[in-house]
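The lines below spell out each chain.
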Amino acid sequence: MKRIIIFASGSGTNAEQIIKHFKEKGTAKITHVFSNNSKAKALRRAHNHGIKALHFDREALYKTNDVLHIIKDATPDLIVLAGFLWIFPKKILEEFPNKVINIHPALLPNYGGKGMYGAHVHNAVIKNKEKKSGITIHYVTEHYDEGGILFQATTDVTPEDTPESLATKIHALEHQHFPVVIESLLFPKTNE
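All figures in this text were calculated on a predicted structure; none of them were measured in a lab.

**A closer look at the overall build of the chain**
A count of helical and extended segments in the chain gives 7 helices and 7 strands. When the elements of the chain are put in sequence order from the N terminus, they spell out β-α-β-α-β-α-α-β-α-β-α-β-β-α. Relative to its length of 192 residues, the chain is compact, with a C-alpha radius of gyration of 16 Å against a globular reference of 16 Å. Each principal axis of the C-alpha distribution contributes one length, and for the chain these read about 50 × 45 × 30 Å. Within the chain, the proportion of its 192 residues that are buried is 46%. Taking the intrachain contacts of the chain between residues at least 6 apart in sequence as the baseline, contacts between residues at least 24 apart amount to 67%.

Here it is in structure tokens:
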């Protein structure tokens, strides 16, 4: 069975969608949910599903190899950032090349980079009167939102949209597509 580790900083709705998807499919196991935020609902959601939920601080992630050792011991096939707000450490990326992906609530390369997450993104999209927004699933590099794009999905932005209504549309896209894209990476279809 394939093994997945999830990193999340907030509510964990994407993490929970991924957990439910693979519980139902029975093809992959989420071994851990990590968070830099001890109050993240993602940790509670993981506990509710019987998944190890671990909180860490900056030192454990960047200055020591504590987090790296736990990841290595878990032998993941994929590391998924689902609303994780810190830059991912080079040492983990080097240990797991092309095995770390992220989801971003906009159509990269637009509205990416440091500080561009959640409501900040939706506010900027609406302020600039964009006609479309969406999600981008991409490989993770040492720089925010610059890795190779794996998948994008779009939604219309109407003049009536607020940052909150746009966030609802984006969450729907995330929940619909993120587990499926993860599955396609873990189990690539071969051309017969």
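Having seen the model, we can carry on.
**Side note on the packing of helix α1 (residues 13-25) against helix α7 (residues 163-186)**
Packing of α1 against α7 leaves a shortest axis separation of 9 Å and a crossing angle of 50°. In terms of axis orientation, α1 runs oblique to α7. Handedness of the α1/α7 crossing: right-handed. Contacts from Thr 13, Asn 14, Gln 17, Ile 18, His 21, Phe 22 and Lys 25 in α1 reach His 171, Glu 174, His 175, Phe 178, Pro 179, Ile 182, Glu 183 and Leu 186 in α7. Considering only residue class, the contact of α1 with α7 consists of 6 nonpolar, 6 polar and 3 charged.

**So, the pattern of salt bridges**
Applying the stated rule across the entire model yields 6 salt bridges. Note that Glu 183 is salt-bridged to Lys 25, the shortest N-O span being 3.7 Å. In this pair, Glu 183 sits in helix α7 while Lys 25 sits in helix α1, placing the two residues 158 residues apart along the sequence. Linking Lys 132 and Asp 156 is a salt bridge whose minimum nitrogen-to-oxygen distance equals 2.5 Å.

**A word on the environment of Arg 3**
With respect to the helices, strands and loops of the structure, Arg 3 is situated in strand β1 (residues 2-7). By relative accessible area, which is 27% here, Arg 3 ends up partly exposed. On a C-alpha basis, the gap between Arg 3 and Phe 88 in space is 19 Å, while along the polypeptide they are 85 residues apart. When residues no more than four places from it in sequence are discounted, the contact partners of Arg 3 are Lys 29, Thr 31, Ala 74, Thr 75, Pro 76, Asp 77 and Leu 78.

**Side note on α7**
For α7, which comprises 24 residues, the first-to-last C-alpha distance of 33 Å matches the rise-based estimate of 34 Å (1.5 Å per residue) to within 8%. Of all the bends in α7, the largest measures some 30° and sits at His 177, one to four residues before the proline Pro 179. Here α7 has its buried residues at Leu 166, Ala 167, Ile 170, Leu 173, Glu 174, His 177, Phe 178, Pro 179, Val 181, Ile 182, Glu 183 and Leu 186.

**Quick notes on unusual backbone geometry**
For the bond from Leu 108 to Pro 109, the omega torsion is 15°, close enough to zero to count as cis. Inspection of the secondary structure assignment puts Pro 109 in the loop between β5 (100-104) and α6 (118-127). Even without glycine at this site, Tyr 111 takes up a positive phi of about 60°. Tracing the sequence through the fold places Tyr 111 in the loop between β5 and α6.

**Describing the sheet that holds strand β3 (residues 52-55)**
The strands making up a sheet associate through hydrogen bonds between their backbones, and the pairing can be parallel or antiparallel. Sheet architecture is open: 7 strands sit in the order β3-β2-β1-β4-β5-β6-β7, paired in mixed fashion. Sheet topology places β3 and β7 (149-156) at the edges, where each strand pairs with a single neighbour. When the angles between neighbouring strand axes are averaged without regard to direction, this sheet yields 20°. In this structure, strand β2 (residues 28-35) lies alongside β3, joined through 4 bridges in parallel fashion. Bridge pairing in β3 links Phe 34 to Leu 54.

**Focus: the nonpolar core**
Judged by nonpolar contacts, the single largest core of 37 residues is most densely connected at Ile 4, Ile 6, Ile 30, Val 80, Phe 178 and Ile 182. Here the element with the most residues in this core is α7; it accounts for 7 residues. Beyond its immediate sequence surroundings of up to four residues, Ile 4 is in contact with Phe 22, Ala 28, Lys 29, Ile 30, Thr 31, His 32, Leu 78, Val 80, Ile 182 and Leu 186. Counting residues in hydrophobic clusters, the runner-up holds 20 residues, among them Ile 5, Phe 34, Phe 56 and Val 100.

Conventions we followed
- Here, residues in each chain are numbered from 1, in the same order as that chain's written sequence.
- Where totals are concerned, whole chains, interfaces and linings use all residues; where local detail is concerned, this predicted model gives features only for residues with pLDDT of at least 70, and gives and counts side-chain atom pairs only at 80 or more.
- To get the side-chain values, all heavy atoms of the structure are used, and hydrogens and water are removed first.
- Secondary structure is summarised from DSSP: a helix means a run of H or I of at least four residues, a strand means a run of E of at least two, and numbering begins at the N terminus for each.
- For the radius of gyration, the atoms used are the C-alpha atoms, and the globule rule reads 2.2 Å times the number of residues raised to 0.38.
- Each residue's exposure class comes from its accessible area (1.4 Å probe, protein chains only) as a fraction of the maximum for that residue type: buried when under 20%, exposed when over 50%, partly exposed otherwise.
- Every residue pair with non-hydrogen atoms within 4.5 Å of one another is taken to be in contact.
- To get an axis, a line is fitted to the C-alpha atoms, and for a helix only the part in contact is used. The angle between two axes follows their N-to-C directions and goes from 0 to 180 degrees.
- Small angles under 35 degrees read as roughly parallel and large ones over 145 as roughly antiparallel, with 65 to 115 read as roughly perpendicular and the rest as oblique.
- Should the near helix be turned anticlockwise from the far one by less than a right angle, the crossing is termed left-handed; should it be turned clockwise, right-handed.
- Residues are grouped as follows: Ala, Val, Leu, Ile, Met, Phe, Trp, Tyr, Cys and Pro are nonpolar; Asp, Glu, Lys and Arg are charged; every other residue, Gly included, is polar.
- Salt-bridge detection follows one rule: a side-chain nitrogen of Lys or Arg within 4 Å of a carboxyl oxygen of Asp or Glu.
- For a helix, the expected span equals 1.5 Å multiplied by the residue count minus one.
- Note that bend, as reported per residue, equals the angle between axes fitted to the 7 residues terminating at that residue and the 7 residues originating from it.
- Here, strands pair whenever DSSP counts at least two bridges between them.
- The term nonpolar core refers to a set of buried residues drawn from Ala, Val, Leu, Ile, Met, Phe, Trp, Tyr and Cys, joined through side-chain atoms within 4.5 Å.

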